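Analysis of the macromolecular model
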Amino acid sequence: MSEDTAPKKELAAIKGTRDILPGEVEKWQALEALARSIFERYGFRELRAPIFETTELYKKSTGETSDVVTKEMYTFEDKGGRSLTLRPEYTPSVVRAIVEHRLDLEGAPMRYYFMGPMFRYDKPQKGRYRQFHQIDIEVFGEKDAAVDAEIIEMAHALLGKLGVTGTETLINSVGCRAGRPAYSAALRGAAGLRRNELCADCQRKAETNPLRIFDCKVEACQEVAKSFPSIQDFLCDECREHFARLREDLDVLKIAYRVEPRLVRGLDYYTKTTFEIVTSHLGAQNAILGGGRYDDMMKDFGGPDICGTGFAMGMERVLSVSALTPPVRKMLYLAYLGDEAKKAGLDLARDLRAQGIECLVEYKDRGMKAHFGRANKLGAAWVLIVGENEIKAGRFGLKDMATGRQFEGSREELLALLKS
Ligand code: AMP
């Protein structure tokens, strides 16, 4: 687009958002189709929730002290004076939907998936957007470590089909409320000793929620955090057992992993398992997906005491490292010559489409040469010629653009050929 036809700056797309245009969107559609087919094989069903929810929902479930809630939410007041937020993540919506519709009483497995945009006011950079897309997986009501292992394996099944290579699976246990106070106290002590080396934000976190220091992106803070005590030494018996079972089950499923004791993830609600799949091909934003267990979330929300586990995969990120090639489209370009042929073409095109053939007619009166030039440019697989003579004879010419072969036949004969 030339400069004088580009939209004015104030009308351009918002920083941190982007258009997914034809040419690129086919990859998204292929990813979505693949994800759906894999998840459904594991007993998951789609649950679609609204794009915005009450701000309170995220404060209550994502956690008041998390970066997502304190710094990154797109919050606004609607005309009714309610505070609403564009979803920064999906899990709270699923929790709300389960409680609201009492899905837990239905007896169906509470295994849900969803794909769609999320919104976070973060500093845009490569691999980090303000409107980005996630594939989200949720399982509620299954406390066995086997289900944690199974969803990690399911993520790998998808990544394998996408041709993503060079991945590493990191796992950890962040324990539960039984061990958290002692661990927080130990962290507070350790952070206190090196307070001067921490950024202002982490000095505050050292008081309010020292676990969150592990999320800080400042290098000096990450260096200090390496000296902190390991959460693994503070797990209660149940959490230790759960983590041991997770490792055994991952071995059964032949998923290689590395235990990363500093993997606490950015949200307050995690209990027991946390995990991430990272890749060396992504640069600084190296996490393709992250997840874990949130056994207290539903109860804290005021719903039944039902445990949960899941993950969210960044769609922009996974696509940037995938070798996915969308299926080749075979488009038929219908070239009409003259007014009568245009009418016959309209009718013919409808029939072709009804038979499942992608058929493009551009209603611009062109000569034969211009039609072929255009069909070539569009990469059409076939050109169907409809002229006055063809209509009279009831027989049409069809050219296979890849081989250059020409066919001639009745409507039915050509249809049969195209479908073969
Ligand atoms: P989270 O919900 O923060 O655990 O993120 C889960 C996954 O979503 C990450 O591993 C990324 O792949 C992706 N993701 C998170 N935030 C962004 C963002 N701002 N832009 C693009 N992808 C993101």
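Residues numbered from 1 in each chain as written. Predicted model: local features only at pLDDT ≥ 70, side-chain atom pairs only at ≥ 80, totals over all residues. Heavy atoms only, no water.

Considerations on the packing of aromatic side chains
Inspection of every chain in the model, using the stated rule, returns 13 aromatic pairs. Geometrically, the ring pair formed by Phe 214 and Phe 228 is edge-to-face, given 5.9 Å between the ring centres and 80° between the ring planes. One end of the pair, Phe 214, is in the loop between helix H7 (200–208) and helix H8 (219–225); the other, Phe 228, is in the loop between H8 and helix H9 (237–252), and 14 residues separate them in sequence. According to the relative accessible area criterion, Phe 228 is buried, its value standing at 6%. Aromatic ring contacts, followed pair by pair, group Phe 140, Tyr 269, Tyr 270 and Tyr 294 into a single cluster. If you follow Arg 18 out to its NZ or CZ, it ends over the ring of Tyr 129, 6.0 Å from the centre. The ring of Tyr 121 carries the charged tip of Arg 130 above its face, separated from the ring centre by 3.9 Å. (Phe/Tyr/Trp six-rings, centres within 6.5 Å; stacked < 30°, edge-to-face > 60°. Helix = DSSP H or I, 4+ residues; strand = E, 2+ residues; numbered from the N terminus. Buried < 20%, exposed > 50% of the residue type's maximum accessible area, 1.4 Å probe, protein only. Lys NZ or Arg CZ within 6 Å of the ring centre and 35° of its normal.)

Some details on a nonpolar patch on the surface
Among the surface-exposed residues, Ile 51, Phe 52 and Phe 76 lie close enough to one another that they form a single nonpolar patch of about 250 Å² accessible area. Within the fold, Phe 52 resides in strand S2 (residues 52–54). Taking relative accessible area as the criterion, Phe 52 reaches 42% and is therefore assigned partly exposed. (Patch = residues over 30% accessible without salt bridge, like charges linked within 9 Å, V, L, I, M, F, W, Y side chains within 5 Å. Areas by Shrake-Rupley, 256 points an atom, 1.4 Å probe, with all protein chains shown as cover. Salt bridge = Lys/Arg side-chain N within 4 Å of Asp/Glu carboxyl O.)

Structural notes on the sheet that holds strand S12 (residues 331–336)
Taken together, the five strands give an open sheet; going across it, the order is S13-S12-S14-S15-S16, and neighbouring strands pair in mixed fashion. Sheet topology places strand S13 (358–360) and strand S16 (406–410) at the edges, where each strand pairs with a single neighbour. Averaged over all neighbouring strand pairs, the angle between strand axes comes to 25°, with direction disregarded. Of the strand pairs in this sheet, S12 and S13 are connected by three bridges, and their pairing is parallel. Bridging from a neighbouring strand, Leu 332 pairs with Cys 359 of S13. Running over the sheet, helix H13 (residues 368–378) touches S12, S13, strand S14 (382–386) and strand S15 (395–400) and is turned about 165° from S12. Strands S12, S14, S15 and S16 of the sheet are contacted by helix H15 (residues 411–419), whose axis makes an angle of about 130° with S16. (Pairing = 2+ DSSP bridges. Axes fitted to C-alpha atoms, helices over the stretch in contact; angles between N-to-C directions. Contact = heavy atoms within 4.5 Å.)

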